[in-house]
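Chains, contacts and geometry: an overview
Read off the chains here:
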Amino acid sequence: MKPWIAKQLYLIDYTLASLSRRKAKNLSLLFIYALLVFVLASVALYTQALRHEAQAVLAGSPEIVLQRMIAGRHDLIPAGYLEKIGRIRGVQKIEGRLWGYYYDSVVKANYTFMAPREMNIARGEIIVGPALERSRGLAAGNGISFRSYTGELHTFIVAEVLPEATELASADLVLMNEADFRAFFKYPDGHFTDVALSVANPQEVRNVAVKLMNALPDSRPILREEVLRTYASIFDWREGLMLALLAAAILAFCILAWDKAAGLSAEERREIGILKAIGWETGDVIQMKFWEGLLISLSAFLLGFLAAYGHVFYFGAPLFEPVLKGWAVLYPHFSLPPHIDGLTIATLAFFTVVPYTAAVLVPIWRAAITDPDTVMRA
Amino acid sequence: MIELKNIRKVFNQGQHNEFWALCGIDLAIPEQQVTALRGPSGSGKTTLLTILGCLARPTEGRVRLKGEDISGLPERFLTEIRRQTFGFVFQQFNLIRGLSAIENIILPAYPLGLPRKHLLEKAEALLADVALAHRREAKVEWLSGGEQQRVAICRALINDPEILIADEPTANLDTKLATEFLGILERLAAQGRTIILTSHDPLVVESSVVDCVVTLRDGRIVDQTEGRPASAERFC
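Residues numbered from 1 in each chain as written. Chains lettered and ligands numbered in written order. Predicted model: local features only at pLDDT ≥ 70, side-chain atom pairs only at ≥ 80, totals over all residues. Heavy atoms only, no water.

Tallying secondary structure elements over chain A gives twelve helices and 13 strands in all. Looking at the 378 residues of chain A, the share that counts as buried comes to 46%. Of the contacts made within chain A by residues no fewer than 6 positions apart, 79% connect residues no fewer than 24 positions apart. A total accessible area of about 18600 Å² is found for chain A, and carbon and sulfur atoms account for 62% of it. (Helix = DSSP H or I, 4+ residues; strand = E, 2+ residues; numbered from the N terminus. Buried < 20%, exposed > 50% of the residue type's maximum accessible area, 1.4 Å probe, protein only. Contact = heavy atoms within 4.5 Å. Areas by Shrake-Rupley, 256 points an atom, 1.4 Å probe, with all protein chains shown as cover.)

Residue and element names in this part refer to chain B. At Lys66, a position not held by glycine, the phi torsion is positive, near 45°. You can see Lys66 is positioned in the loop between β4 (60–65) and β5 (68–69). We note that Phe93 has phi near 70°; this positive angle belongs to a residue other than glycine. Residue placement: Phe93 occurs in the loop between β6 (86–89) and α3 (101–106).

Now for the sheet that holds strand β9 (residues 212–217) of chain B. All names here are of chain B. Spatial ordering of the open sheet is given by β6-β7-β8-β3-β9-β10, a layout of six strands whose pairing is mixed. The sheet is open, and its two edges are formed by β6 and β10 (220–226), each paired on a single side. Looking at each pair of strands side by side, their axes are set apart by 15° on average, direction ignored. For β9 and β10, the ladder comprises six bridges, and the chain directions are antiparallel. By the bridge assignment, Leu216 is partnered in β10 with Ile221. This element, helix α5 (residues 145–157), spans β6 and β7 (163–167) of the sheet and lies at about 170° to β6. (Pairing = 2+ DSSP bridges. Axes fitted to C-alpha atoms, helices over the stretch in contact; angles between N-to-C directions.)

Moving on: the sheet that holds β5(B). Residue and element names in this part refer to chain B. Strands sit in the order β2-β1-β4-β5 across an open sheet of four strands; the sheet is antiparallel. The sheet is open, and its two borders are formed by β2 (19–29) and β5, each paired with just one other strand. Relative to β5, β4 runs antiparallel, the two sharing two bridges. Across the sheet, Leu65 pairs through a bridge with Glu68, a residue of β5.

A separate point is the confidence of the model for chain B. Confidence in the prediction for chain B averages 89 pLDDT; 96% of positions are at 70 or higher. Considering only residues more than four positions removed or in separate chains, one finds that residues 229–236 of chain B, a stretch of pLDDT under 50, has 13 contacts. (pLDDT = per-residue confidence, 0-100.)

Okay, the pairing of strand β12 (residues 194–199) of chain A next. Residue and element names in this part refer to chain A. Across the six residues that make up β12, a large majority, six, are buried. Here β12 shows a buried face lined by Asp194, Ala196 and Ser198 and a second buried face lined by Val195, Leu197 and Val199. As paired elements, strand β1 (residues 64–70) and β12 share three bridges and run antiparallel to each other. Bridge pairing links Ile64 to Leu197 in β12.

To continue, consider the nonpolar core. Trp280(A) and Ile2(B) are the most contacted members of the largest nonpolar core, which totals 124 residues. Ranked by the residues each element gives to this core, the list is headed by helix α2 (residues 23–58) of chain A, at 17 residues. Look past the residues within four positions of Trp280(A) in its chain and what remains in contact with it is Leu11(A), Tyr14(A), Leu275(A), Val285(A), Met288(A), Thr79(B), Leu107(B), Pro108(B), Tyr110(B) and Pro111(B). (Core = buried A, V, L, I, M, F, W, Y, C linked by side-chain atoms within 4.5 Å.)

All names here are of chain A. One pass over the full model with this rule turns up 25 aromatic pairs over all chains. Relative to Phe146, the ring of Tyr102 has its centre 5.2 Å away and its plane inclined at 70°; by these criteria the two rings are edge-to-face. Linking Tyr102 in strand β5 (residues 99–104) with Phe146 in strand β8 (residues 143–147), this pair joins segments that are 44 residues apart in sequence. With relative accessibility at 6%, the residue Tyr102 sits in the buried group. Taken together, a centroid distance of 6.3 Å and an interplanar angle of 55° make the contact between Phe185 and Tyr187 tilted. Tyr187 carries the same exposure label as Phe185, and that label is buried. Clustering of aromatic rings is evident, with ring pairs tying together Tyr102, Tyr111, Phe113, Phe146, Tyr149, Phe156, Phe181, Phe184, Phe185 and Tyr187. For the cation-ring pair, Lys84 lies above Tyr81, with the distance from its terminal atom to the ring centre recorded as 5.6 Å. (Phe/Tyr/Trp six-rings, centres within 6.5 Å; stacked < 30°, edge-to-face > 60°. Lys NZ or Arg CZ within 6 Å of the ring centre and 35° of its normal.)

The next thing to look at is the interface of chain B and chain A. Taken together, the contacts link 33 residues of chain B with 27 residues of chain A. A buried area of about 2700 Å², summed over both sides, lies between chain B and chain A, and 60% of it is on carbon and sulfur atoms. If you sort the residues of chain B by the area they bury against chain A, Leu55(B), Asn94(B) and Tyr110(B) come out on top, with a joint share of 20%. At the surface where chain B touches chain A, the tally comes to five salt bridges. Between Asp13(A) and Arg116(B) there is a salt bridge, with the nearest N and O atoms lying 3.1 Å from each other. For the pair chain B and chain A, the number of links is eight residue pairs in polar contact (both at pLDDT 80 or more). For the side of chain B that touches chain A, the secondary structure elements donating two or more residues are α1 (45–52), α2 (75–85) and α4 (116–129) of chain B. Here the side of chain B that touches chain A takes five residues from α2(B), the largest share from any one element. When grouped by side-chain class, the residues that make up the side of chain B that touches chain A number 17 nonpolar, eight polar and eight charged. (Buried area = accessible area lost by both parts, 1.4 Å probe. Salt bridge = Lys/Arg side-chain N within 4 Å of Asp/Glu carboxyl O. Polar contact = N/O pair within 3.5 Å; in protein donor to acceptor, adjacent residues only side chain to side chain. Nonpolar A, V, L, I, M, F, W, Y, C, P; charged D, E, K, R; others polar.)

Here we take up a nonpolar patch on the surface. On the surface, Trp4(A), Ile5(A) and Leu9(A) cluster together to form a nonpolar patch covering roughly 330 Å² of accessible area. Among the secondary structure elements, Ile5(A) is positioned in helix α1 (residues 3–21). (Patch = residues over 30% accessible without salt bridge, like charges linked within 9 Å, V, L, I, M, F, W, Y side chains within 5 Å.)

Think of an α-helix as 3.6 residues a turn; residues three or four steps apart then line up on the same face. An ideal rise of 1.5 Å per residue puts 18 Å on 13 residues; α5(B) measures up with 19 Å between its terminal C-alpha atoms. Burial within α5(B) is extensive, with twelve of its 13 residues counted as buried. Within the sequence span of α5(B), burial applies to Gly146(B), Glu147(B), Gln148(B), Gln149(B), Arg150(B), Val151(B), Ala152(B), Ile153(B), Cys154(B), Arg155(B), Ala156(B) and Leu157(B). The secondary structure elements touched by the buried residues of α5(B) are α9 (266–277) of chain A together with β6, α3, α4, β7 and α6 (175–190) of chain B. (Expected span 1.5 Å × (residues − 1).)

Here we come to α2(B). Every buried residue of α2(B) is accounted for by Leu78(B), Thr79(B), Ile81(B), Arg82(B), Arg83(B) and Thr85(B). Against α9 and α10 (282–313) of chain A together with β4, β6 and β7 of chain B lie the buried residues of α2(B).

The next subject is the side chain of Thr215(B). In this fold, Thr215(B) is placed in strand β9. Every residue in contact with Thr215(B), bar those within four places of it in the chain, is listed here: Arg38(B), Arg220(B), Ile221(B), Val222(B) and Asp223(B).

This is the structure in structure tokens:
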């Protein structure tokens, strides 16, 4: 074995012995450090996975959704608009969509009612999202009544509950027949809530949007990439809010870590003096302490990160879920597929491992450059 | 082997509590002999020992080791000299608590990166020499004062130093253990090592093991005599 490697192994060996000699101090530091990494990693992993999931869900959504605006408010689109849109070059597929919100006073929650044309739902039947199943205790075959905005009571039979895997997008969804939908919301025939468009060439999406605005000045095209950006910024904002709430805890840790790592006890100073007196160089002492800092911070990072992984992807992040998912009454209840990117890990490591290791090294360097003769006078 | 020329050492220079610990010391430490530095507390014994052992630098004056001037060498080179040439036995032993006797002994050799097996064999041989082989795995805080000192001696010898430096080696030992220490010292001297120690214990400075006694007072050498009947080869 090369002497340099053997020397590093000796230094690591000494470091481990040194850590075990101050078990209580180092274990408490490791625990608090791992806790901080756990919190930060949970927030980062959760928002990262949410972003990824939203991206995956929206990947199948139309490139453009067109809404009609009257006096700055969203209004119904008459059938004639679909014909005009069909004449615009580049538009591949046009579909008028029917959807609306319904407030359920029983559970004080908003549902999204939709009439999907591609699904063949019988009249008087509905398909509900998993959150509705939970909040109203519904199962296939059950009946449920909703009072419409005109005061009429409409009763439906639950034909199916949507699978939990789709819950991020379908938690509060109620799917029904088009005729039922129009009857419930009193939608006139030939009118739609908005129009979904597919564009043949993805490079042309913006051009098509401009053409739509020129052809239909009272319309507002919403691009899929804009929706994705909005989702991303919402998750960023929530992540930031979460971190702001945790800032006090993070600051407390930094002060504690600095104090624990930087404040050398008289015993530690004496030990450094002894090592120097018996032939260790300043560099050897610093390397030994570097290993100490690295072992503590890497162990804490690994522990905290693995705990956060389990917390987010196996237990559904119960600690931060309400803040990170949203403020709706019906929380989507779904488990995120694990998704980690290298940048997230590198960022977390940079903001946890590097500051701690530096905090350890600075005071050691100051202590290690002092003359070893002080140990003779101890 | 070591020559000191006009060595002065001042602490807190330029401050109201400035203190001259050594005031112009000229001294030659002969090779393969036992030299004892004695004097009352505050006479400068330990300060002189730290300069001889390259643990501290003089404020003024020159230190020559085997003919080479080492006074102006940077700390890195001094550490190397310290590791290769000197072994230290401190008054309080300065062993690292929590480590076993054998781990303490091989500690000075860590920076050299020598094979562990080789180091352990060497440490075991040293422990056997001081009749402490059975305590090799004992944590040093569990050892008696005499045992701790023997571990400290083994640690000082692990890198095969030419010069052994001991500061008040018998200060924490009773007469029986002090006598045992002198026995070890005699064996080391017989191996041809140069030994420098400070002591005001008559048992040490008046023993036949010591070749030369240097007496200090107020930072100056006031007397320099042979400690035992001089043989033809020994000088002071």
